[in-house]
Structure formats: structure tokens, C-alpha cells
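# Descriptive analysis of the structure
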Amino acid sequence: MAKRTKMTDEQLVKAYAEGKNEAFDILLKRHQERVFNYILRIVKNEDIANDIFQETFVKAILTIKQGRYTENGKFPAWISRIAHNLIIDFFRQEKSENHQSADLEEVDILNRKELCEATIEDVLVSDQIREDVKYLIKELPPLQREVLNMRYYQNLSFKEIAEMTGVSINTALGRMRYAILNLRRMASEKEIVLTA
């Protein structure tokens, strides 16, 4: 482990991609303060900053594990760009949710897809996807299933999950990453389509 702390970011990314999970722990420790402070400075809300920070590193984990990381020598800029894009996504979503004006005649705020009744086909497809997801989640190892349920069904942050399960945030993130990878793998093997 001490030897790894002297490795460059790129060497750590390569080691992590090869299955050495402790390499990502070092990357996280090396960059977490700077990335979190950057996010917090922009969103000005610690809870939102925590969520975006966690999403940033989950996205980084998935990208590296899928072999799509190509930013040789630029890991700090790459991880900051992921955070920046997630911040933009957050503000876009917030704007679309909070800034519909009833003053504009050409905009009918009640004419929105989420307010419309679904067709029978939509309902059947959604129900089938929900059942498929439940089935796949039951097939996950217990620790991965626990983190996934806490994150998506109880809406807990990774910090809260780590505290409640008595593990580090890195471990909680890792379990979530494996849960997502396993769900994708099982869906592919069983030829289950999880999108409408």
C-alpha cells in the first residue's frame, strides 16, 4: 500500500482497472478535498455537494472499470470535468423543476408528460421493468443489495450509508459499483431489457 501512494494518478488508474481496488482508495484520498470544495463552492449546499461528489466518483469508477478512461496524465482535470458536468446537470434539473412560469401564454404548465395518464402499454412495460429489477436485485450478494436499497429506495447519501453500515465511504461506493455492474451483467446474460 505504501508503495502505491508514491504512484502517479495514471499508474493508480491502471492498477485499479486491473482489479487493485486499493489504488482507487488512494486516488480518492488524493483528490477528494479539492473536488468536494470545488463542488461546494458552486452549489453552496453541503448535502447537494455531497451527493454530486459521490456521483462524480461513482461515474469515475464505472468509466475506469469499463475501460473508457483515456485522459493520460490528466486525471485531476478529468475528475473535475465529471464534477462540473454533474453540477450543470443539477442546475438544469433544478431550473426545469422550479422555473415554469404560468405567465407565458404559449406554455401550458399542465401539459407535461409526468402529469399525463399513461397508456395501458406504458403501465405494462413499467410494471415489467419494475418486476425485472426486483428479481435482479434479489440475485445480488447481500452487501451489494443492502447498499443499492439504501441509496435508491431509502434515498440515503453514501455518507449516511457508510455510517449506518459501519464501513468507509470508499467501501460503500465500491459495493454500489459492483451492484450496478452485476445488475448490468445479469440483465445482459438473461436478455432482460431495463428501459421502456
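Thresholds, definitions, all that
Residues numbered from 1 in each chain as written. Predicted model: local features only at pLDDT ≥ 70, side-chain atom pairs only at ≥ 80, totals over all residues. Heavy atoms only, no water. Helix = DSSP H or I, 4+ residues; strand = E, 2+ residues; numbered from the N terminus. Buried < 20%, exposed > 50% of the residue type's maximum accessible area, 1.4 Å probe, protein only. 1 Å grid on protein atoms, 1.4 Å probe; cavity = no way out; pocket = protein on both sides within 12 Å on 5 of 7 lines; lining within 4 Å. Points joined across faces, edges and corners; volume = space filled by probe spheres on them. Nonpolar A, V, L, I, M, F, W, Y, C, P; charged D, E, K, R; others polar. Salt bridge = Lys/Arg side-chain N within 4 Å of Asp/Glu carboxyl O. Axes fitted to C-alpha atoms, helices over the stretch in contact; angles between N-to-C directions. Left-handed = near helix turned anticlockwise from the far one by under 90°. Contact = heavy atoms within 4.5 Å. Phe/Tyr/Trp six-rings, centres within 6.5 Å; stacked < 30°, edge-to-face > 60°.

### Side note on unusual backbone geometry
- Here the phi dihedral of Lys 44 falls at roughly 60°; this positive angle occurs in a residue that is not glycine.
- For Lys 44, the position within the fold is in the loop between helix 3 (21-43) and helix 4 (46-65).
- Taking relative accessible area as the criterion, Lys 44 reaches 67% and is therefore assigned exposed.
- Of note in this structure, Asn 155 is not a glycine but carries a positive phi near 55°.
- Overall, Asn 155 belongs to the exposed group, its relative accessible area being 63%.

### With respect to the layout of surface pockets
- Here the largest pocket defines a volume of roughly 620 Å³.
- Taken together, 25 residues form the lining of the largest pocket, with Leu 148, Arg 151, Tyr 152, Phe 158 and Met 176 sitting closest to its centre.
- Those elements that provide at least two residues to the lining of the largest pocket are helix 4, helix 6 (120-138), helix 7 (142-153), helix 8 (158-165) and helix 9 (169-189).
- Of the residues in the lining of the largest pocket, the class split is 14 nonpolar, 3 polar and 8 charged.
- Estimated volume of the second largest pocket: approximately 220 Å³.
- Taken together, 15 residues form the lining of the second largest pocket, with Asn 21, Asp 25, Asn 170, Thr 171 and Gly 174 sitting closest to its centre.
- Contributing elements (two or more residues each) for the lining of the second largest pocket: helix 3 and helix 9.
- The biggest single contributor to the lining of the second largest pocket is helix 9, with 7 residues.

### Re the pattern of salt bridges
- Taken as a whole and assessed by the stated rule, the structure comprises 6 salt bridges.
- In this structure, the salt-bridge partner of Arg 30 is Asp 9, at a minimum N-O distance of 2.7 Å. One end of the pair, Arg 30, is in helix 3; the other, Asp 9, is in helix 2 (residues 9-17), and 21 residues separate them in sequence.
- Here Arg 30 falls in the partly exposed class, since its relative accessible area comes to 34%.
- With a relative accessible area of 14%, Asp 9 lands in the buried category.
- In this structure, Lys 134 and Glu 131 form a salt bridge, with 3.8 Å as the shortest nitrogen-oxygen distance. Of the two residues, Lys 134 and Glu 131 both sit in helix 6, 3 residues apart, roughly one turn of that helix.
- One network of salt bridges, with partners in common, ties together Lys 14, Glu 18 and Lys 20.

### Some thoughts on the packing of helix 2 against helix 3
- Running from N to C, helix 2 and helix 3 cross one another at 145°; their axes reach a closest spacing of 7 Å. Every pair of crossing elements has a handedness; the one defined by helix 2 and helix 3 is left-handed. Listed contacts from helix 3 to Asp 9, Leu 12, Val 13, Ala 15 and Tyr 16 of helix 2 are Asn 21, Ala 23, Phe 24, Ile 26, Leu 27, Arg 30 and His 31.
- Tallied by class, residues from the contact of helix 2 with helix 3 come to 8 nonpolar, 2 polar and 2 charged.

### Quick look at the packing of aromatic side chains
- In this structure the tally under the stated criterion is 8 aromatic pairs.
- When the ring of Tyr 69 is compared with that of Trp 78, the centres are 4.6 Å apart and the planes differ by 80°; the resulting orientation is edge-to-face. Summarising the burial analysis for this pair, Tyr 69 and Trp 78 share the class buried.
- Measuring from ring centre to ring centre gives 5.6 Å for Phe 75 and Trp 78, while their planes differ by 45°; the resulting arrangement is tilted. In this pair, Phe 75 and Trp 78 both sit in helix 5 (residues 75-98), 3 residues apart, roughly one turn of the helix.

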